[in-house]
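Residues per chain are reported as follows:
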Amino acid sequence: MAKVTIIGAGQAGATTAHWLAERGIADLVLVDIREGVARGKALDLMQAMPVIGSDAELVGTGDYEETVGSDIVVITAGAARKPGMQREDLLTINSLIVETTVQESLQHSPDAVLIILTNPLDAMSLVALRASGLPRERVLGQAGILDSARMRCFVAMELGVSVENVHCYVLGGHGDSMVPLVRHSNVAGVPLVDILPTDRLEAIVERTRKAGGEIISLLGTGSAYYAPGAALAQMVEAVLLDRHRIVPASVYLQGEYGLSGICFGVPVQLGRGGMERILELDLNPEEQQALQASAAYVRETIEALPD
Ligand code: APR
């Protein structure tokens, strides 16, 4: 069985383990500085396996020795913003956590593909790339599947159709500047603009941009984890099973879309080695402008990273 390590056994990490364990495609190791939490959640999930009929094995630990030889390492470790903290404070704390967990993970699993979830996502993906020294193909950030799924969900709710018939593509940075590509989105092949009135479409785009914040304010504490976990599980599956699946993900750009030196959400094809290629969509001037604006925002965050 393949082996997947998830660093951070908090809400997002444990939920990713849940979605993955149900698929039964890998044994899972949950690592957390709160060792008891990692062990407890792994044990709880393990005890669910007889009920759902999966032979996935789960281990919870604070010790990286258990992670040796992982095929994929998912990074969800990070601190959440507390009252009074600035964005830069979170950036400093989380970049340190991502840097150390990536380095520690790779010492034990030098051949692993890394998938990052910790926010701010695009900046943390760059931190992971730099800290790992890996080729860009092996460092992927999860954001686009989640953002696109949120838009698909809202369109399906609006039209009363199956989510499977709704195809939406959200590119760009993971934040309010994200770029929902309305022109490329459709319901069973019919462009969204031909089905939804402009005001409803605009409302859906706006709700998609703010979807993470909507959940944070409803929860009162913490951020979303079911959909982020499901999105991570889909990326893990695409890599492990060599699906050659095309999804939006944050990867390091070297000239694609006219952008370089940042990790940014673009359509990529995923297979056993990680990113197989970047797809360059034909964007109109308005879409290109939106993407550039989103990239400028991501750059600002990166510039605020500690040296
Ligand atoms: N090594 C291992 N685990 C760590 C480390 C570390 N150095 N630092 C923090 N952690 C663990 C915490 O102990 C906690 O269990 O990371 C976990 C984070 O879990 P939560 O606080 O529940 O946060 P979660 O909702 O899972 O979000 C994690 O993903 O979506 C993003 O914005 C979110 O950056 C955040 C991350």
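Residues numbered from 1 in each chain as written. Predicted model: local features only at pLDDT ≥ 70, side-chain atom pairs only at ≥ 80, totals over all residues. Heavy atoms only, no water.

A.B. asks: Can you tell me about the pattern of salt bridges, naming the residues and giving the values?
C.D. replies: For the coordinates displayed, the defined rule picks out ten salt bridges. One salt bridge connects aspartate 32 with arginine 34, and the closest N-O pair in it is separated by 3.9 Å. Residue aspartate 32 is classed as buried on the basis of its relative accessible area of 11%. Between arginine 243 and glutamate 237 there is a salt bridge, with the nearest N and O atoms lying 2.6 Å from each other. Using a relative accessible area of 13% as the deciding quantity, one classes glutamate 237 as buried. (Salt bridge = Lys/Arg side-chain N within 4 Å of Asp/Glu carboxyl O. Buried < 20%, exposed > 50% of the residue type's maximum accessible area, 1.4 Å probe, protein only.)

A.B. asks: Could you give me a rundown of the pairing of strand 13 (residues 260–271), with the residues and numbers involved?
C.D. replies: Most of strand 13 sits inside the fold, with ten of its twelve residues counted as buried. Linkage of strand 12 (residues 245–254) to strand 13, two consecutive antiparallel strands, is achieved through a turn of five residues, within which glycine 255 is found at a positive phi near 105°. Bridge count for strand 13 against strand 14 (residues 274–278) is four bridges, and the pairing is antiparallel. Bridged to glutamine 269 within strand 14 is arginine 277. In this structure, the hairpin formed by strand 13 and strand 14 is closed by a connection of two residues. (Helix = DSSP H or I, 4+ residues; strand = E, 2+ residues; numbered from the N terminus. Pairing = 2+ DSSP bridges.)

A.B. asks: Explain the environment of glutamate 99 to me, using residue names and the numbers behind them.
C.D. replies: In this fold, glutamate 99 is placed in helix 4 (residues 87–108). Overall, the relative accessible area of 34% leaves glutamate 99 in the partly exposed class. Along the primary structure glutamate 99 and threonine 67 are separated by 32 residues, whereas in three dimensions their C-alpha atoms are 17 Å apart. Not counting chain neighbours up to four residues away, the residues in contact with glutamate 99 comprise Val127 and Ala131. (Contact = heavy atoms within 4.5 Å.)

Everything listed here is a matter of geometry and, on its own, says nothing about what the molecule does.
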